[in-house]
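If you want the building blocks of each chain, they are given just below.
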Amino acid sequence: MCGIVGLHLRDPELHPQLGTLLDAMLGQVVERGPDSAGVAVYGDRRRCPEGHAAVSVLHAPPDLAKALPEALITQAGDTTVVAAPLAVDALAAAVREVAPDARIVGTGTELTVYKGTGHPNALSATYDLAGAQGWQGLAHTRMATESAVTPEGCHPFSVGDDQCLVHNGSFANHATIRRELQAEGVVFDSENDSEVGARFVASRLAQGEDLHKALRALCERFDGFYTLLVTNGDGFAVVRDAIACKPAIIAEADDWVAMASEFRALAVLPGIEGARIYEPEPERVYAWHR
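Residues numbered from 1 in each chain as written. Predicted model: local features only at pLDDT ≥ 70, side-chain atom pairs only at ≥ 80, totals over all residues. Heavy atoms only, no water.

## Quick notes on the pattern of salt bridges
Then, number 1: Across all of its chains, the model carries 16 salt bridges by this definition.
Then, number 2: Across the pair Arg-46 and Asp-128 runs a salt bridge, and its minimum N-O distance is 2.8 Å. Taken as a pair, Arg-46 in the loop between strand S2 (36-42) and strand S3 (53-58) and Asp-128 in the loop between helix H4 (120-127) and strand S8 (136-142) lie far apart in primary sequence, 82 residues in all.
Then, number 3: Arg-240 is the salt-bridge partner of Glu-279, the closest N and O atoms lying 2.9 Å from each other. Highlighted residues: Glu-279 in the loop between strand S14 (276-278) and strand S15 (286-289) and Arg-240 in strand S11 (residues 235-240), separated in sequence by 39 residues.
Then, number 4: Residue classification places Glu-279 among the partly exposed positions, given a relative accessible area of 47%.
Then, number 5: Several salt bridges converge on common partners, so that one network encompasses Glu-31, Arg-32, Glu-262 and Arg-264. (Salt bridge = Lys/Arg side-chain N within 4 Å of Asp/Glu carboxyl O. Helix = DSSP H or I, 4+ residues; strand = E, 2+ residues; numbered from the N terminus. Buried < 20%, exposed > 50% of the residue type's maximum accessible area, 1.4 Å probe, protein only.)

So this is what it looks like as structure tokens:
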């Protein structure tokens, strides 16, 4: 089933409240995905200071801080965030060198990613989501159907710098597309069908397409049932499959844009009574930018 929430803040005065608002939204979709929860936050300078890159890691060794003494390291349950005043590729390479068995699950200059298994409310507290600040965020609660309940299988899938994808539904032809991407040299971190969608979108973005074009290509190539929320360092986008059987609600206000699997997750937002609220149409890509 799974639950999705996303929030893009247009008003900088709301940036200090991003975590509080996202935490409240997440709390409204807990029963849609009791297996695990993942979060992505854009612009949280507590954990990725200005001028730094950040790498989010699963299975980090306990001595990582000793191996990277100049880095800012934050432990949050299964996830460790490493930040340093380096280029993203250089920091990721440094992490791989000192922690070859760790799994990188997020990279960028704006993005921090947190993934773990367990009850979403407990995980939100572990991540200190309520304390986060920034301009954009998303969260996902998972009810596993296509792969094991592991931190690697949690959403979001972040497979490009400052990129994330969360998914409610299932891709029917993901195995075929996985093989095609693997033939092109793409390496996968899990058996999750949603990762195939994330890798496909990342490939299109790397070719110079914007979010709108990348998601239009996904609609043409993927079969199945899906509601997707995809984010990058410029904004976020929402798309549903041709049947649109997986729920999604969008709300737009002067100060923010939000998306959720259920309206009650939007009802916690300030000014919701004056927002434009609607259900996204099948296979129409909705995108917003900074």
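## Some remarks on helix H7 (residues 211-221)
An α-helical turn contains 3.6 residues, so any two residues separated by three or four positions project in the same direction.
Then, number 1: All of the buried residues in H7 are Leu-211, Ala-214, Leu-215, Ala-217, Leu-218 and Cys-219.
Then, number 2: Where H7 is buried, its residues contact helix H6 (193-206), strand S10 (224-232) and S11.
Then, number 3: Sitting at the head of H7, Asp-210 places a side-chain oxygen 3.3 Å from the backbone nitrogen of His-212. (Contact = heavy atoms within 4.5 Å. Polar contact = N/O pair within 3.5 Å; in protein donor to acceptor, adjacent residues only side chain to side chain.)

## Regarding the side chain of His-167
Then, number 1: Within the secondary structure, His-167 sits in strand S9 (residues 164-171).
Then, number 2: A residue is classified by how much of its surface remains accessible, and His-167, at 1% relative accessible area, is buried.
Then, number 3: A distance of 3.5 Å separates a polar atom in the side chain of His-167 from the backbone nitrogen of Ser-170.
Then, number 4: Setting aside residues up to four positions removed in sequence, His-167 forms contacts with Cys-2, Ile-4, His-140, His-155, Asp-193, Ser-194, Phe-225, Tyr-226, Thr-227 and Leu-228.

## Notes on helix H1 (residues 18-26)
Then, number 1: Every buried residue belonging to H1 is among Leu-18, Gly-19, Leu-21, Leu-22, Met-25 and Leu-26, and all of these are buried. Angularly, the buried residues of H1 cover 165° about the axis, an arc narrow enough to put them on a single face.
Then, number 2: Buried residues in H1 make contact with strand S1 (3-9), S2, H4, S8 and strand S13 (256-260). (Arc of directions from axis to C-beta.)

## Structural notes on the sheet that holds S14
Then, number 1: If you trace the seven strands from one edge of the open sheet to the other, you get S7-S2-S8-S1-S13-S12-S14, paired in antiparallel fashion. Edge strands, defined here as strands with exactly one partner in the open sheet, are strand S7 (111-117) and S14. Neighbour-to-neighbour, the strand axes of the sheet open up by a mean angle of 10°, direction not taken into account.
Then, number 2: The pairing of strand S12 (residues 249-252) with S13 spans four bridges and is antiparallel. Among the inter-strand pairings, Glu-252 is bridged to a residue of S13, identified as Val-257. (Pairing = 2+ DSSP bridges. Axes fitted to C-alpha atoms, helices over the stretch in contact; angles between N-to-C directions.)

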